[in-house]
Amino acid sequence: MLRNRNVWILLTGEFIAGLGLWLGIIGNLEFMQAKLPSDFLKSLLLAAGLLAGIAVGPYAGRLTDEASKKTVMLIAGFVRAISVIFMLIAIATGSIWWMVVFLVLLQISAAFYFPALQAALPLIVAEKDLLQLNGIHMNVSTLSRIIGTAVAGILLVVLPLSMLYVGSLVAYIALFILTWFLNIDETRDRQTVQKDVSEKTSFNEVFPIIKGLPIVLMTLIMTLVPVLFLGGFNLVVINISELQNSAAIKGWIYTTEGISFMLGAFFIKLISNRISPYIILFACSFLIGVSQLLLYLADVPVLTVIAFAVFGFSVGCFFPTAATIFQTKVPKEFHGRFFSFRNMLDRMTYQIVLLISGFLLDLIGLQLMCVLFGGVSVIMTIVFYARHRYIQTRIANQNN
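**Let's talk about the overall build of the chain**
Working step 1: Counting its secondary structure elements, the chain contains 17 helices and 0 strands.
Working step 2: Its C-alpha radius of gyration of 21 Å places the chain within 12% of the 21 Å reference for a compact globule of 400 residues.
Working step 3: Relative to its full complement of 400 residues, the chain shows a buried share of 54%.
Working step 4: Look at the contacts in the chain between residues 6 or more apart in sequence, and 86% of them connect residues 24 or more apart.
Working step 5: A total accessible area of about 17,400 Å² is found for the chain, and carbon and sulfur atoms account for 68% of it.
Working step 6: The positive charge centre, built from 26 side chains, and the negative charge centre, built from 19, are 6 Å apart in the chain.

**Focus on the confidence of the model for the chain**
The predicted coordinates ought not to be read in detail in places where the model reports low pLDDT.
Working step 1: Per-chain confidence: the chain averages 80 in pLDDT, with 93% of residues scoring 70 or above.
Working step 2: Highest mean pLDDT in the chain belongs to helix H14 (residues 277–294) (90); lowest belongs to helix H8 (residues 187–199) (50).
Working step 3: The low-confidence segment residues 195–201 (pLDDT under 50) makes 12 contacts with residues lying over four places distant or belonging to another chain.

**Concerning the environment of Val125**
Working step 1: You can see Val125 is positioned in the loop between helix H5 (96–124) and helix H6 (130–158).
Working step 2: As a C-alpha pair, Val125 and Ser276 span 151 residues in sequence and 23 Å in three-dimensional space.

**Topic: the packing of helix H13 (residues 248–271) against helix H15 (residues 301–329)**
Two measures define how a pair of helices packs: the angle their axes make with one another and the distance between the axes.
Working step 1: Where H13 contacts H15, the two axes come as close as 7 Å, and the packing angle between them is 35 degrees. Classified by chirality, the crossing of H15 by H13 is right-handed.
Working step 2: Grouping the constituent residues of the contact of H13 with H15 by class yields 17 nonpolar, 7 polar and 1 charged.

**Remarks on the side chain of Ser357**
Working step 1: With respect to the helices and strands, the residue Ser357 is situated in helix H16 (residues 335–363).
Working step 2: There is a polar contact of 2.7 Å between the side chain of Ser357 and the backbone oxygen of Val353.
Working step 3: Ignoring sequence-local partners within four residues, the contact set of Ser357 consists of Gly232, Met369 and Phe373.

**Looking at the packing of helix H12 (residues 233–244) against H15**
Working step 1: One can describe the packing of H12 onto H15 by two numbers: an axis separation of 12 Å at closest approach and a directional angle of 165 degrees. It follows that H12 is roughly antiparallel to H15 by the angle criterion. Crossing angle aside, the handedness with which H12 passes H15 is left-handed. Between H12 and H15, the contacting residues are Phe233, Val236, Ile240 and Gln244 on the first element and Pro301, Thr304, Phe308 and Phe311 on the second.
Working step 2: The class makeup of the residues in the contact of H12 with H15 is 6 nonpolar, 2 polar and no charged.

**A short note on the state of the cysteines**
In a disulfide, the sulfur atoms of two cysteines are covalently bonded to one another.
Working step 1: Overall, the coordinates contain 0 disulfides when judged by the stated rule.
Working step 2: Note on Cys317: no disulfide assigned, nearest cysteine sulfur contributed by Cys284 at a separation of 4.5 Å.
Working step 3: Residue Cys317 is classed as buried on the basis of its relative accessible area, which comes to 4%.
Working step 4: In this model Cys370 remains outside any disulfide bridge; the closest cysteine sulfur is found in Cys284, 20 Å from its own.
Working step 5: Of the residues examined, Cys370 reaches a relative accessible area of 4% and is grouped as buried.

Rules used throughout
- Residues numbered from 1 in each chain as written.
- Predicted model: local features only at pLDDT ≥ 70, side-chain atom pairs only at ≥ 80, totals over all residues.
- Heavy atoms only, no water.
- Helix = DSSP H or I, 4+ residues; strand = E, 2+ residues; numbered from the N terminus.
- Rg over C-alpha atoms; globule rule 2.2 N^0.38 Å.
- Buried < 20%, exposed > 50% of the residue type's maximum accessible area, 1.4 Å probe, protein only.
- Contact = heavy atoms within 4.5 Å.
- Areas by Shrake-Rupley, 256 points an atom, 1.4 Å probe, with all protein chains shown as cover.
- Lys, Arg positive; Asp, Glu negative; His and termini not counted.
- Charge placed at Lys NZ, Arg CZ, Asp CG, Glu CD.
- pLDDT = per-residue confidence, 0-100.
- Axes fitted to C-alpha atoms, helices over the stretch in contact; angles between N-to-C directions.
- Left-handed = near helix turned anticlockwise from the far one by under 90°.
- Nonpolar A, V, L, I, M, F, W, Y, C, P; charged D, E, K, R; others polar.
- Polar contact = N/O pair within 3.5 Å; in protein donor to acceptor, adjacent residues only side chain to side chain.
- Parallel < 35°, antiparallel > 145°, perpendicular 65-115°, else oblique.
- Disulfide = S-S within 2.5 Å.

So, in structure tokens, the structure goes:
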């Protein structure tokens, strides 16, 4: 697999784009901290971009199924590069509204790019290599996050904020160029897909597929648990920094969570053949809830770092397992629409959690909010696990 030219292009592109993304995210946090005092207003601003991504989701799914994955990724990459220009205008004018334009374009490009990327992965490697590729891909993404946040922190000290976005623009242009060199043979797959799309023109056709695949439906539901943490992740980091009166804790949190994520993605490859995917998802989901509960003691730096280490390891195991289930269980002719639907679902839940997080941070504070979210995560996991056991027992009784 690692001798595959397309794999190296995608992994290199992911690393470069990740650097640009995290330079921009740290820049966004810095800009919002200077312009918006309220966490709820920050969440509203971030939600504007997510809403735009949801709006174009159905079209993105159909286009991904009908057109070349490479073409979709190229167009999305071009829009992503253009979006940075509007953030540079926002910094020059001090206007939040130009930042809204930037976030909207950035999320629209992501709504097209990520379904196309997820649909392309099964076309460039054998099915037996998908879990390993998903793990490596996520590790590369996490490594770029660790380096990107560290570089952003250094650049903020020595350079103007606008230079972070110049770095993002350079990274996105590099990704666009790399994508040109992809060579994905999807001729036979596209013939089947185009026939299917011409006969079934509704985006809603993906829903019976999901309903008919219990493991896919269960996995989709289980992804709501990490979203409870990830939706307000950046707001939580800001509040922990303020609670501890320490700017350095931001770097420790991002670095610890990123390294733990990489360890989890490596560990999952070792155990995936011996443990049921369901068990992996339930165990990781429970640990995510525990990590949230630990943040009740967010005023203690050591326990804060431990909480994010547990969380990072858990999602490092969770997401490669979930991605592999989706790529192998959902028929390829529905991959574009399915991954677009999943992208829409993620964005919608992220948006809801982001708004709730901003509201609760203003209303009850960080520590009580983390206890609330942690409790919901643990209860959801127990309920889903009990239902899974019940269904498995019923199936076993019917077979006997």
